[in-house]
Amino acid sequence: MRPGSSVGGARPKAVIRHREADWIAKFPDREDQVDVAAIEHASLQLAGLCGITVAASELIALPGQHVLLVRRFDRDAGQRIHFASARTLLIADGLREGDMGYADLADVLRREARAPQADCQQLFRRMIFNVLLENTDDHEKNHALLFQQGHWNLSPAFDLQPQLLGVGYQSLRLGKQGAQSLLSNALSDCGRFMLKSAEANDIVDDVLAQVRQWEQVFARYGVSNADIDACRSFILRPSVMGR
Ligand SMILES: Nc1ncnc2c1ncn2[C@@H]1O[C@H](COP(=O)(O)OP(=O)(O)OP(=O)(O)O)[C@@H](O)[C@H]1O
Ligand SMILES: [Mg+2]
């Protein structure tokens, strides 16, 4: 239970072997007000229902606490798959930290990915999900790319959960209104994601239909009633819904 520090990020974690694969174990923090492991696990499952490709996760129950296991996607049968954060590739593109947006990452994918259209649409879907879930910790190190067969492709999604802060803006810019957490803002630059307005709106409808079931999904994947109550005023906040 003593945390290691090999993979970075803010929370205590360790790399472990499990089911013949490498997994990242994310431990609870003494400061936590809610069961972060269960909420993150449920959020990853919900994202999967929304058509988002996510890292595999498992919730492990230890006496009095949950630990989240997330399977590493930068290893394949012990072989390394080359990984770079969005931050790294955006800095290489000449962007400055603090001035990065989802559409800038879409520009990288358009140029570098094996399937640019699919990856751009997938990134757009993740942006919409993060707005609806109040995952405002969607910064440039919480998106990554994997180098495979000569291309930089979008990695599976990871580190998704409502932040329960209600700050009202995302960590990356969404569109014409900067980082403001608003569907209309997220839709405003859809062309850079290779999407027509009608297609972008269809993706919003699709993600919205799934996120509306969040309470059942959270309950199914181990989030307590008290923690569901704690999430209620943050997920699908009325202030983000305007289009
Ligand atoms: N499934 C995975 N496979 C490979 N690398 C991963 C995976 N999940 C996370 N990582 C890497 O480990 C880092 C830390 O993981 P994660 O973002 O989940 O932790 P965190 O402590 O919640 O982060 P934050 O500091 O954003 O709150 C990520 O930024 C990413 O580089
Ligand atoms: Mg992170």
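Not measured: the values here are computed from a predicted model.

What counts and what doesn't
Residues numbered from 1 in each chain as written. Chains lettered and ligands numbered in written order. Predicted model: local features only at pLDDT ≥ 70, side-chain atom pairs only at ≥ 80, totals over all residues. Heavy atoms only, no water. Donors = N, O, S within 2.8 Å, 3.2 Å for Na, K, Ca; no water. Helix = DSSP H or I, 4+ residues; strand = E, 2+ residues; numbered from the N terminus. Buried < 20%, exposed > 50% of the residue type's maximum accessible area, 1.4 Å probe, protein only. Core = buried A, V, L, I, M, F, W, Y, C linked by side-chain atoms within 4.5 Å. Domains from an automatic or database assignment. Near = heavy atom within 4 Å. Polar contact = N/O pair within 3.5 Å; in protein donor to acceptor, adjacent residues only side chain to side chain. Areas by Shrake-Rupley, 256 points an atom, 1.4 Å probe, with all protein chains shown as cover. 1 Å grid on protein atoms, 1.4 Å probe; cavity = no way out; pocket = protein on both sides within 12 Å on 5 of 7 lines; lining within 4 Å. Points joined across faces, edges and corners; volume = space filled by probe spheres on them. Nonpolar A, V, L, I, M, F, W, Y, C, P; charged D, E, K, R; others polar. Patch = residues over 30% accessible without salt bridge, like charges linked within 9 Å, V, L, I, M, F, W, Y side chains within 5 Å. Salt bridge = Lys/Arg side-chain N within 4 Å of Asp/Glu carboxyl O. Buried area = accessible area lost by both parts, 1.4 Å probe.

**A look at the coordination of the magnesium ion (ligand 2)**
- Distances from the magnesium ion (ligand 2) to its protein donors, namely Asn-142 (OD1) and Asp-159 (OD), fall within the range 2.1 Å. Placement of Asn-142 in the loop between α4 (116-133) and β8 (144-148) and of Asp-159 in the loop between β9 (151-154) and α5 (183-187) is noted, with a sequence separation of 17 residues between them.
- For Asp-159, a relative accessible area of 16% corresponds to the buried category.

**Remarks on the nonpolar core**
- One finds Phe-124, Phe-129, Leu-132, Phe-193 and Phe-218 to be the most contacted residues of the largest nonpolar core, which totals 60 residues.
- Examining the composition of this core, we find that nine residues originate from one element, α4, more than from any other.
- If you count residues domain by domain, this core takes at least three from each of domain 1 (13-75) and domain 2 (82-240).
- In this structure, Ala-37, Ala-55, Ile-81 and Ala-144 belong to the second largest nonpolar core, which totals nine residues.

**Points about the site of ligand 1**
- Close contacts around ligand 1 come from 21 residues, with Ala-10, Arg-11, Lys-13, Lys-26 and Asp-159 the closest.
- Between ligand 1 and the protein, one listed contact pairs an oxygen atom with a side-chain N or O atom of Lys-13 at 2.8 Å.
- Separating an oxygen atom of ligand 1 from a side-chain N or O atom of Asp-159 is a distance of 2.8 Å.
- Within the complex, the protein chains bury 88% of what would otherwise be the 620 Å² of accessible surface of ligand 1.
- Listed by contribution, the elements that provide at least two residues to the shell around ligand 1 are β2 (21-26) and β4 (65-71).

**Remarks on unusual backbone geometry**
- In this structure, Asp-159 takes a positive phi of about 55° despite not being glycine.
- With a phi angle near 60°, Leu-164 is a residue other than glycine that sits in the positive phi range.
- Assignment of secondary structure puts Leu-164 in the loop between β9 and α5.

**Quick word on the layout of surface pockets**
- Considering only enclosed or pocket space, the second largest pocket measures out at about 200 Å³ in volume.
- Along the wall of the second largest pocket there are 13 residues; nearest its centre are Thr-53, Arg-126, Leu-154, Ser-155 and Pro-156.
- A per-element tally of the lining of the second largest pocket places α4 first, with four residues.
- Classifying every residue of the lining of the second largest pocket gives six nonpolar, five polar and two charged.

**Some details on a nonpolar patch on the surface**
- A contiguous nonpolar patch, built from Leu-165, Val-167 and Tyr-169 and spanning about 310 Å² of accessible area, is present on the exposed surface.
- For Val-167, a relative accessible area of 37% corresponds to the partly exposed category.

**Digging into the domain arrangement of the chain**
- Looking at the chain, the domain boundaries give domain 1 (13-75) and domain 2 (82-240).
- Of the roughly 2,300 Å² buried between domain 1 and domain 2 on both sides combined, carbon and sulfur atoms contribute 71%.
- Among the residues of domain 1 in contact with domain 2, Leu-46, Cys-50 and Phe-73 are the three that bury the most area, contributing 27% of the side total.
- Along the contact surface separating domain 1 from domain 2 lie one salt bridge.
- With a shortest N-O distance of 3.3 Å, Asp-159 and Lys-26 are connected by a salt bridge.
- Among the elements that line the side of domain 1 that touches domain 2, the one with the most residues is helix α1 (residues 36-49), at twelve residues.
- A breakdown of the residues in the side of domain 1 that touches domain 2 according to their chemical character gives 15 nonpolar, six polar and four charged.

**A few points about empty space enclosed by the protein**
- Applying the stated criterion to the full structure yields three cavities of 30 Å³ or more.
- Size it by volume and the largest cavity reaches roughly 80 Å³.
- Taken together, 14 residues make up the lining of the largest cavity; nearest its centre are Asn-142, His-143, Ala-157, Phe-158 and Leu-160.
- In this structure, the second largest cavity occupies an estimated 50 Å³ of space.
- Around the second largest cavity, the lining residues are Val-131, Leu-132, Glu-134, Thr-136, Gly-168, Gln-170, Ser-181, Phe-234, Arg-237 and Val-240.
- When the residues that make up the lining of the second largest cavity are grouped by side-chain class, the tally is four nonpolar, four polar and two charged.

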